[in-house]
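Inside the fold
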Amino acid sequence: SRRLRAKHNWHVPPILWGVILGESGSAKSPAMRLMLAPLRDRARSEYQRWEADKQNAEHVEAQASSMRRVLVSDTTTEALSLIARDNPCGLLLARDELAGMLTSFDCYKPKGGGDEAFFLSAFDGESFTADRKKDREHVFVPSVSLSIVGTCQPGVFARLMSQQRRESGLLARFLVVHPPSKPKRWTEAEVADGVEAAWRDVVNRLMDLEMAHDSEGQPTPFLIGLAADAKSAFREFFNAHCLTE
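Parameters and conventions
- Residues numbered from 1 in each chain as written.
- Predicted model: local features only at pLDDT ≥ 70, side-chain atom pairs only at ≥ 80, totals over all residues.
- Heavy atoms only, no water.
- Patch = residues over 30% accessible without salt bridge, like charges linked within 9 Å, V, L, I, M, F, W, Y side chains within 5 Å.
- Areas by Shrake-Rupley, 256 points an atom, 1.4 Å probe, with all protein chains shown as cover.
- Salt bridge = Lys/Arg side-chain N within 4 Å of Asp/Glu carboxyl O.
- Helix = DSSP H or I, 4+ residues; strand = E, 2+ residues; numbered from the N terminus.
- Buried < 20%, exposed > 50% of the residue type's maximum accessible area, 1.4 Å probe, protein only.
- Pairing = 2+ DSSP bridges.
- Axes fitted to C-alpha atoms, helices over the stretch in contact; angles between N-to-C directions.
- Core = buried A, V, L, I, M, F, W, Y, C linked by side-chain atoms within 4.5 Å.
- Contact = heavy atoms within 4.5 Å.
- pLDDT = per-residue confidence, 0-100.
- Phe/Tyr/Trp six-rings, centres within 6.5 Å; stacked < 30°, edge-to-face > 60°.
- Lys, Arg positive; Asp, Glu negative; His and termini not counted.
- Charge placed at Lys NZ, Arg CZ, Asp CG, Glu CD.
- Polar contact = N/O pair within 3.5 Å; in protein donor to acceptor, adjacent residues only side chain to side chain.

A cluster of nonpolar side chains, namely Leu 34, Val 191 and Val 195, defines an oily patch on the protein surface of about 230 Å² accessible area. Note on placement: Leu 34 falls in helix α1 (residues 28-60). A relative accessible area of 36% places Leu 34 in the partly exposed class.

Within a beta sheet, neighbouring strands are joined by backbone hydrogen bonds and run either parallel or antiparallel to one another. The three strands are arranged β2-β1-β12 in an open sheet whose pairing can be described as mixed. The outermost strands of the open sheet, each flanked by one partner alone, are β2 (10-12) and β12 (222-225). Adjacent strand axes in the sheet meet at a mean angle of 40 degrees when their direction is disregarded. Pairing of strand β1 (residues 2-7) with β12, which is carried by four bridges, proceeds in the parallel orientation. Bridge pairing in β12 links Leu 4 to Ile 224.

It is worth spelling out the nonpolar core at this point. The tendency in soluble globular proteins is for nonpolar side chains to be buried as a group. Of all hydrophobic cores here, the largest spans 32 residues; its most connected members are Met 101, Phe 119, Leu 146, Ile 148 and Phe 174. Residues in contact with Ile 148, not counting those within four places in the same chain, are Leu 16, Trp 17, Gly 18, Leu 92, Leu 93, Leu 98, Met 101, Phe 119 and Phe 174. Counting ten residues, the second-largest nonpolar core is a separate cluster that includes Met 32, Leu 39, Val 70 and Ala 94.

Take the pattern of salt bridges next. Considering all chains together, one arrives at eleven salt bridges under this definition. With its nearest N and O atoms 3.4 Å apart, the salt bridge here joins Glu 46 to Arg 49. Here Glu 46 and its partner Arg 49 are both found in helix α1, three residues apart, which amounts to about one turn of the helix. On the accessibility criterion, Glu 46 (12% relative accessible area) is buried. Members of the salt-bridge network, linked through shared partners, are Arg 42, Glu 46, Arg 49, Asp 53 and Asp 208.

It is worth spelling out the confidence of the model for the protein chain at this point. Looking at the protein chain, the pLDDT average stands at 86 and 89% of residues meet or exceed 70. Predicted confidence in the protein chain is weakest over strand β6 (residues 128-131), with a mean pLDDT of 77, and strongest over strand β3 (residues 17-21), with 95.

To continue, consider the packing of aromatic side chains. Inspection of every chain in the model, using the stated rule, returns eight aromatic pairs. Ring plane angle 80 degrees and centroid distance 4.7 Å describe the contact between Phe 118 and Phe 128, whose orientation is recorded as edge-to-face. Placement of the pair is Phe 118 in helix α4 (residues 115-123) and Phe 128 in strand β6, with a sequence separation of ten residues. With respect to burial, Phe 118 and Phe 128 carry one shared label: buried.

Attention now goes to the sheet that holds strand β5 (residues 91-95). Pairing is parallel across the open sheet formed by five strands, whose spatial order is β4-β5-β8-β3-β9. The open sheet has two edge strands, β4 (71-72) and β9 (174-177), and neither has a second partner. Relative to strand β8 (residues 146-152), β3 runs parallel, the two sharing five bridges. The partner of Ile 20 across the bridge, within β8, is Thr 151.

Below, the discussion takes up the environment of Ala 27. With respect to the helices and strands, the residue Ala 27 is situated in the loop between β3 and α1. On the basis of relative accessible area, Ala 27 is assigned to the partly exposed category, the value being 42%. A C-alpha to C-alpha distance of 9.5 Å links Ala 27 and Lys 184, two positions 157 residues apart in sequence.

This part covers a negative patch on the surface. On the surface, Glu 188, Glu 190, Asp 193 and Glu 196 cluster together into a negatively charged patch. Secondary-structure assignment places Glu 188 in the loop between β9 and α7 (193-207). By relative accessible area, which is 63% here, Glu 188 ends up exposed.

Right, let's get into the side chain of Arg 3. Structurally, Arg 3 is set in strand β1. For Arg 3, which is buried and forms no salt bridge, the nearest opposite charge comes from Glu 126, at a distance of 8.3 Å. Only 2.9 Å separates the side chain of Arg 3 from the backbone oxygen of Gly 125, close enough to count as a polar contact. One polar contact links Arg 3 to Ser 143, side chain to side chain, over a distance of 2.9 Å. What Arg 3 contacts, discounting residues up to four positions off in sequence, is His 11, Val 12, Pro 13, Asp 124, Gly 125, Ser 143, Ser 145, Pro 221, Phe 222, Leu 223 and Ile 224.

Here it is in structure tokens:
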């Protein structure tokens, strides 16, 4: 629903891909479940609202409103393109094990139509077109805005990020978190209630943001400019990290 206007014709969507690396038993999944809890609650509420609307529509012979999707786990381009078309505010693909998603990519599909190409475009919030063979439907998605979060074992992730995937820019799109390994010890420590409540509040406020609409009534993101000090900080970051040989 928002994009950063870095330049007049350079608009950056707030799309993030993150992976938590850790050996089996290092408590990657519990941490991710805690982070996803408010999103899953929101997805449940959207489903319940959709079910209620559908039942009411049956009585008044009207079409039920479409259900807003929040989370997805299916990684097929056909399924994601249809869901993304009906959810212009974006989606989060959450996979406990990202290895399944990465192994499903086919870099060498004929005519450059592999799943990896779809995901590379989705990171930038670009448009996508597809022709479904099953019912010969032409699908056009103005913006595939897909964030990703998941877990993986370090050795598996290293093997899956082959030289070809490094050169394609797939690896560079991931924010990789690899906490140091340490012996597991029982602790009575808990995540503070205030932290969980604050995170839930952030998620809900973001989910409540609405989109703008163009002259034809189609949803479009609001563009947010950079303040002078933010532009200066971004310039320094860009010059320090966007290096080429």
